[in-house]
Amino acid sequence: MQDKTVRRRRLVLALLVGVSLILLTAYFGESTTSPLHSVQRGIVEVLSPIQEGASKALKPVRDVAGWFSDTFHAKSQRDQLQKENQSLRAQLAQAQTAQAENVQLTKQLKLDQSGAISAYKPVAAHVIGRDPTLWYATIEVDKGSQDGVRKDDPVTGDGALVGEVSTVAANVSFVTLITDHSFAVTAQVNDGGSGDTGVLVPAVGDPNHLILQYLNRRAPISAGQQVVTAGFKSGQLDSLFPAAIPIGQVSNANQNTLLNAGTVQVDPAADLRHLDAVQILTDPQPGTQRAQVGAP
Amino acid sequence: MIPVTDWRLPLRLVLLTFATVIIQQAAISQISVFGVSADVTPLVVMSVGLLTGSLLGAITGFGIGMFVDLVLVQTLGVTALLYIAIGYWSGRLRELRDPAHGLVPLALGAAVTAFAGFGMAVIQFLLGVDSPVSLLLLQQIVITVLVNTLISLPVYALVRRIIQPVLPEDPRRRRRRAYTTGGLSPLSRPSERLGQISRSR
């Protein structure tokens, strides 16, 4: 009797481990249009109304927990924001002057304004779920293909780029954040004129930092400079991301690292762990194809 | 191992699996404590293993892990593989040692969270995720372990409240020494081992 029980237990264990390994191997080697991925998307679609309902029902719980967390950090945040505020006032004055000048020059040169974010038809979405681990930097939002969302659409939040749509169901979508290991985007440093560009990739396992690489090794980059999307255009190919969306700012521009490796460290502008709402840019430039820089 | 005598226990485990993943995904994962989110899923698997044994623990671990992978659109089988181990070994601990101390779920909660964190890291490295081992990664795993340890006792109590009414008998009254003593546990009464002893004078 005891032997039978032990045999049954081991058999079930081996079966479960075997099924897991088979699924893992099959899933990992397949493309995103494979049957397993389709089944996964189907299940997500079926469960999305339940998740959405649960997210709404449990919002008070999240709000209460968020209130405690915010209160805990309020003092240090206030001091930090006061310093930022002083610095931003000075920048605002400069920016207003530059903007006025820009409007005048744009009118004179009759430049095309279609590159503005509003041209991409942004769709507002609420975050209804997120991955608790560092390994899959994804969030789930309550807008899907029925709202015009498509795979690879850029996503902004907190006034900055936060990621791109990686999986779309009818009513929900999954957004891969800029800190995910699979993410890469061409970015430009606002370094006082030269606008050096490079490829921005995450420091995987470290959600607070990004790495801007392939920079000009003699670029005049210093800490505090803004990093925005480059939005390149090459023939019929248009960048997946519109130009000039803020991404973050240079947090560490060690001159030796820049000279030897052509990289600087960038901090994301958006607080990726506390996103509640995002905007999905659903309509890229019509008549053009979209391109994306792959992760190296 | 506890025999599954009727459908109520499996039904409750299925509902528990479903509710755990939905609540984790919709609410708990969005609450940040010291920069990390608590993850109740390994704690629920551990609790089920501790209460029901290795077989149901492993099956529940597989179910919750697979459901997590499906709902979060992750690589299928990764979380399931880790949670099978958690459920199985929690169940084996109960079957072999039958720990009666009230703080066992606390220690085991810390252990299974650390196992899940480091196990996920190892599997991701094996799958080829190009990732440096950062201090922050280690720090986040440690903080998650601490947060999960704090909530492991309430989670265990809740799981016990849900499934204990349909368990065949109170597991704390059972002593499973068969592997080490061949069924002759020193805790069992002589009358149970040897049959009725005549008390003739």
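It should be emphasised that the depicted structure is a prediction, and the values quoted were computed from it without experimental measurement.

### So, the overall build of chain B
Stage number 1. Scanning chain B from terminus to terminus reveals eight helices and two strands.
Stage number 2. In sequence order, the secondary structure elements of chain B are arranged as α-β-β-α-α-α-α-α-α-α.
Stage number 3. Burial statistics for chain B: of 201 residues in total, 44% are counted as buried.
Stage number 4. Long-range pairs, those at least 24 residues apart, make up 74% of the contacts in chain B between residues at least 6 apart in sequence.

### Some remarks on the overall build of chain A
Stage number 1. A count of helices and strands for chain A gives four helices and 15 strands.
Stage number 2. Counting all 296 residues of chain A, 34% fall into the buried class.
Stage number 3. Within chain A, contacts between residues separated by at least 24 positions form 62% of all contacts whose residues are at least 6 apart in sequence.

### Re the interface of chain B and chain A
Stage number 1. Taken together, the contact pairs 44 residues of chain B with 48 residues of chain A.
Stage number 2. Elements represented by at least two residues in the side of chain B that touches chain A include exactly helix 1 (8–26), strand 1 (32–33), helix 3 (54–71), helix 4 (78–97), helix 5 (104–126) and helix 6 (135–163) of chain B.
Stage number 3. Broken down by element, the side of chain B that touches chain A gets its largest block of residues, seven residues, from helix 3 of chain B.
Stage number 4. Residues of the side of chain B that touches chain A, tallied by class, amount to 28 nonpolar, 14 polar and two charged.

### Some points on the sheet that holds strand 2 (residues 138–141) of chain A
Residue and element names in this part refer to chain A.
Stage number 1. Taken together, six strands build a closed barrel; the order of strands is 1-2-5-4-3-14 and the barrel is antiparallel. Put simply, the sheet's adjacent strands are angled 45° from each other on average, direction ignored.
Stage number 2. The sheet contacts of helix 2 (residues 35–57) involve strand 1 (122–130) and strand 4 (160–168), and relative to strand 1 the element is tilted by about 85°.

### Quick notes on the sheet that holds strand 7 (residues 197–202) of chain A
Residues and elements named next belong to chain A.
Stage number 1. Spatial ordering of the closed barrel is given by 6-7-8-13-12-9, a layout of six strands whose pairing is antiparallel. For this sheet, the mean inter-axis angle between neighbouring strands, taken without regard to orientation, is 40°.
Stage number 2. Examined bridge by bridge, strand 12 (residues 246–252) and strand 13 (residues 264–268) share four bridges and lie antiparallel to one another. Its bridge partner being in strand 13, Gln 249 is matched across the sheet by Asp 267.

### Side note on unusual backbone geometry
Residues and elements named next belong to chain A.
Stage number 1. Phi at Asp 152 takes a positive value of approximately 75°, unusual for a residue other than glycine.
Stage number 2. If you trace the backbone, Asp 152 turns up in the loop between strand 2 and strand 3 (154–157).
Stage number 3. The class of Asp 152 is partly exposed, set by 14 C-beta atoms lying within 10 Å.

### Brief notes about helix 6 of chain B
Since the α-helix advances by 3.6 residues per turn, residues separated by three or four positions end up pointing in the same direction.
All names here are of chain B.
Stage number 1. In this model helix 6 runs 39 Å from its N-terminal to its C-terminal C-alpha over 29 residues, within 8% of the 42 Å that 1.5 Å per residue would give.
Stage number 2. A bend of about 45° at Ile 151 is the largest found in helix 6, and the proline Pro 154 appears one to four places after it.
Stage number 3. Within helix 6, burial applies to Gln 140, Ile 141, Thr 144, Val 145, Asn 148, Ser 152, Val 155, Tyr 156, Val 159 and Ile 163.

### Considering the confidence of the model for chain B
Residue and element names in this part refer to chain B.
Stage number 1. Mean pLDDT over chain B: 81, with 78% of residues reaching 70 or higher.
Stage number 2. Considering each helix and strand of chain B separately, the mean pLDDT is smallest for helix 7 (residues 178–181), with a value of 48, and largest for helix 2 (residues 40–52), with 94.
Stage number 3. Contacts for the low-pLDDT stretch residues 176–181, under 50 throughout, to residues beyond four places or in other chains number seven contacts.
Stage number 4. Scored as a complex, the prediction yields pTM 0.69 and ipTM 0.76.

### A look at the packing of helix 2 of chain B against helix 3 of chain B
All names here are of chain B.
Stage number 1. Where helix 2 contacts helix 3, the two axes come as close as 7 Å, and the packing angle between them is 160°. By the criterion of interaxial angle, the relationship of helix 2 to helix 3 is roughly antiparallel. In terms of crossing hand, the pair formed by helix 2 and helix 3 is right-handed. Here Thr 41, Val 44, Val 45, Val 48, Gly 49 and Thr 52 of helix 2 lie close against helix 3, whose contacting residues are Ser 54, Leu 56, Gly 57, Thr 60, Gly 61, Ile 64 and Val 68.
Stage number 2. Partitioned by chemical class, the residues of the contact of helix 2 with helix 3 number six nonpolar, seven polar and no charged.

### Points about the pairing of strand 5 (residues 173–177) of chain A
Residue and element names in this part refer to chain A.
Stage number 1. Across the five residues of strand 5, five count as buried, placing the element largely inside the fold.
Stage number 2. Here strand 5 shows two buried faces, one formed by Ser 173, Val 175 and Leu 177 and the other by Phe 174 and Thr 176.
Stage number 3. Alignment of strand 2 against strand 5, held across four bridges, turns out to be antiparallel. Residue pairing across strands places Thr 138 opposite Thr 176, the latter belonging to strand 5.
Stage number 4. Relative to strand 5, strand 4 runs antiparallel, the two being bridged by five bridges. Among the inter-strand pairings, Val 168 is bridged to a residue of strand 5, identified as Ser 173.
Stage number 5. Where strand 4 folds back onto strand 5 in an antiparallel hairpin, the turn is made up of four residues.

### Brief notes about the pairing of strand 2 of chain A
Residues and elements named next belong to chain A.
Stage number 1. Residues Thr 138 and Glu 140 point to one face of strand 2 and Ile 139 and Val 141 to the other, with burial holding for every one of them.
Stage number 2. Strand direction decides the pairing type here: strand 1 and strand 2, joined by three bridges, are antiparallel. Of the residues in strand 2, the one forming a bridge with Arg 130 is Ile 139.

### Some details on the confidence of the model for chain A
Stage number 1. Of all residues in chain A, 85% have pLDDT values of 70 or greater, and the mean over the chain is 80.
Stage number 2. When mean pLDDT is compared element by element in chain A, strand 5 of chain A scores highest at 90, while strand 15 (residues 289–291) of chain A scores lowest at 51.

### Concerning the environment of Gly 159 of chain A
Residue and element names in this part refer to chain A.
Stage number 1. Looking at where Gly 159 falls in the secondary structure, it is placed in the loop between strand 3 and strand 4.
Stage number 2. Note on Gly 159: 11 C-beta atoms within 10 Å, which makes it exposed.
Stage number 3. Along the primary structure Gly 159 and Val 278 are separated by 119 residues, whereas in three dimensions their C-alpha atoms are 9.0 Å apart.

Cut-offs used in this document
- Residues numbered from 1 in each chain as written.
- Chains lettered and ligands numbered in written order.
- Predicted model: local features only at pLDDT ≥ 70, side-chain atom pairs only at ≥ 80, totals over all residues.
- Helix = DSSP H or I, 4+ residues; strand = E, 2+ residues; numbered from the N terminus.
- Buried ≥ 20, exposed ≤ 12 C-beta atoms within 10 Å, placed from the backbone.
- Contact = placed C-beta atoms within 7 Å.
- Nonpolar A, V, L, I, M, F, W, Y, C, P; charged D, E, K, R; others polar.
- Pairing = 2+ DSSP bridges.
- Axes fitted to C-alpha atoms, helices over the stretch in contact; angles between N-to-C directions.
- Expected span 1.5 Å × (residues − 1).
- Bend = angle between axes of the 7 residues up to and from the residue.
- pLDDT = per-residue confidence, 0-100.
- Parallel < 35°, antiparallel > 145°, perpendicular 65-115°, else oblique.
- Left-handed = near helix turned anticlockwise from the far one by under 90°.

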